[in-house]
Structures are given as structure tokens and as C-alpha cells.
Amino acid sequence: MPKTPLRAAAAIGGTADDVETAFYEALQRGDIEALMACWADEDEVFCVHPGGPRLVGAVAIRAAFEQMFANGAIHATPARVRKVESLASAVHNVLERIEVLTAEGPKHAFVLATNVYHKTAEGWRLVAHHASPGSAREPSDASEPPQTLH
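Remember, it's a predicted structure, so these values are computed and weren't measured experimentally. (Residues numbered from 1 in each chain as written. Predicted model: local features only at pLDDT ≥ 70, side-chain atom pairs only at ≥ 80, totals over all residues. Heavy atoms only, no water.)

K.L.:
Would you mind going over the side chain of R125 with me for this structure?
P.N.:
Relative to the elements of secondary structure, R125 occurs in strand β6 (residues 123-131). An unpaired buried charge is present at R125: no salt bridge exists, and E122, the closest side chain of opposite charge, is 5.5 Å distant. There is a polar contact of 3.3 Å between the side chain of R125 and the backbone oxygen of E122. (Helix = DSSP H or I, 4+ residues; strand = E, 2+ residues; numbered from the N terminus. Buried < 20%, exposed > 50% of the residue type's maximum accessible area, 1.4 Å probe, protein only. Lys, Arg positive; Asp, Glu negative; His and termini not counted. Salt bridge = Lys/Arg side-chain N within 4 Å of Asp/Glu carboxyl O. Polar contact = N/O pair within 3.5 Å; in protein donor to acceptor, adjacent residues only side chain to side chain.)

Laid out in C-alpha cells, this is it:
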């Protein structure tokens, strides 16, 4: 199978940042093939959409995104990325700004997502995507520890 530009971005020599860019571009275009090219070919990859169940494996992840894309592309733009990186893994915590259509017109919702990447034999790949429930207001970062524990 010939490599697409997005597949090339996720290939050996690319970075976790390249895969993340390819992932969000695929969401914005509703391109399931490009989106799935970002995922590792491992049985235990997982994805949690806001308020949804844990989806384990590429088949379940693909089916969920195909269902979402049936309603059109997902206009999610990453912002305020926080990163923890090592030689073979990278964890990105991303504020996603998502455009949603309402009766009053387009509005923005905000979701905090964690994307985990591993460096595999095929290059950097997404192994986990976990997104919080959305909110109408952009969340702020808490720099002070909470005063009470849960």
C-alpha cells in the first residue's frame, strides 16, 4: 500500500508531535484511513471518548470513529499542549477546542484529552486517547495543589 502524506508523517523518523498533527488533521477531514494510520498495531490500544466506554483494540476504535464521521468531520483544534517525553514514549495533555453547531450557530466546546505515544518498529504511534467530558468554558490550568483530597 503506498504511503499517504499522513502515513509518512507517522513513519520512522517522525516524532510524536508529527503523529499528533496527523491525528488532528485526520479528525478535521473525517479521514478514517489517515486517522487509523496514527494508531499502533497493538491489541491493547485504547480510546475513551467524552462520557463513553473504554474502546480496546483497533477494530473498536475504528468503528467508533466511523460512527462519529458519519455525522461529518470533527473540528477539533489542539491548544495548550503539555508534554512528558522520553526516548520511547510521549504523553501529551491537550486542550481541544471543538467547533459545534448549535441552533444559535457555531460555538466552541472544550475537552481535555490525553494522548499517549510509543515509539514502535513502525515509528511513533498513538496507543491511548482519553478525552474528558466537554465544557462550554475553556478550563484553566490549576497551578496550586488542591486544599482537600478526595
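This is not the end of the story, as more comes after the structure.
K.L.:
Can you help me understand the environment of L126 in this one?
P.N.:
Following the sequence through the fold, L126 ends up in strand β6. Through-space distance from the C-alpha of L126 to that of V116 is 5.8 Å; in sequence the pair is ten residues apart. In this structure L126 touches V19, F23, C38, W39, A40, V45, N115, V116 and Y117, once residues within four positions along its chain are discounted. (Contact = heavy atoms within 4.5 Å.)

K.L.:
Just checking my understanding: could you explain helix α4 (residues 58-69) for this structure?
P.N.:
One full turn of an α-helix is made of 3.6 residues, so residues set three or four places apart face in the same direction. With twelve residues, α4 should reach 16 Å at 1.5 Å per residue; the first-to-last C-alpha distance of 16 Å fits that figure. Taken residue by residue, α4 has I61, A64, F65 and F69 as its buried positions. When α4 is viewed along its axis, its buried side chains cluster within an angular range of 135° and face the same direction. Exposed side chains of α4 directed beyond 90 degrees from the buried face belong to V59 and Q67. On the buried face of α4, the contacting elements are α2 (16-29), α3 (32-37), β1 (46-48) and β2 (54-56). (Expected span 1.5 Å × (residues − 1). Arc of directions from axis to C-beta.)

K.L.:
Where do I start with the packing of aromatic side chains in this structure?
P.N.:
By convention here, two paired aromatic rings are described through the distance between centres and the angle between planes. Under the criterion given, the structure shown has three aromatic pairs. Summarising the aromatic geometry, the rings of F23 and Y24 are spaced 5.2 Å apart at their centres and angled 85° between planes, so their arrangement reads as edge-to-face. On the basis of relative accessible area, F23 is assigned to the buried category, the value being 0%. The interplanar angle of 45° and the centroid separation of 6.1 Å between the aromatic rings of F65 and F69 together place this pair among those described as tilted. Taken together, the positions of F65 and F69, both in helix α4 and four residues apart, correspond to about one turn of that helix. Taken as a pair, F65 and F69 share a single burial class, namely buried. Here the aromatic residues F23, Y24, F65 and F69 are joined through ring pairs into a cluster of three or more. (Phe/Tyr/Trp six-rings, centres within 6.5 Å; stacked < 30°, edge-to-face > 60°.)

K.L.:
For this particular structure, what's the right way to read the environment of S86?
P.N.:
Topologically, S86 is positioned in the loop between β3 (76-85) and β4 (89-102). Once the C-alpha coordinates of S86 and K119 are considered, the two residues, 33 residues apart in sequence, prove to be 9.8 Å apart.

K.L.:
It is not clear to me how unusual backbone geometry should be interpreted in this structure. Could you clarify?
P.N.:
The general pattern is negative phi for most residues beyond glycine and trans for most peptide bonds. Its identity as a non-glycine residue notwithstanding, R80 has a phi of 45°, on the positive side. Relative to the helices and strands, R80 resides in strand β3. For R80, a relative accessible area of 36% corresponds to the partly exposed category.

K.L.:
Help me understand the nonpolar core, please; the structure alone is not making it clear to me.
P.N.:
Looking at soluble globular proteins, one finds that nonpolar side chains tend to be buried together. Formed by 35 residues in total, the largest nonpolar core has its most connected members in F23, L27, L35, W39, I61 and F65. Where this core is concerned, the elements lending two or more residues are α2, α3, α4, β4, β5 (105-120) and β6. Ranked by residue count, the leading element in this core is α2, at seven residues. Non-local contacts of W39, meaning those with residues more than four positions away in its chain, are made with F23, V45, F46, C47, I61, R125, L126, V127, A128 and H129. (Core = buried A, V, L, I, M, F, W, Y, C linked by side-chain atoms within 4.5 Å.)

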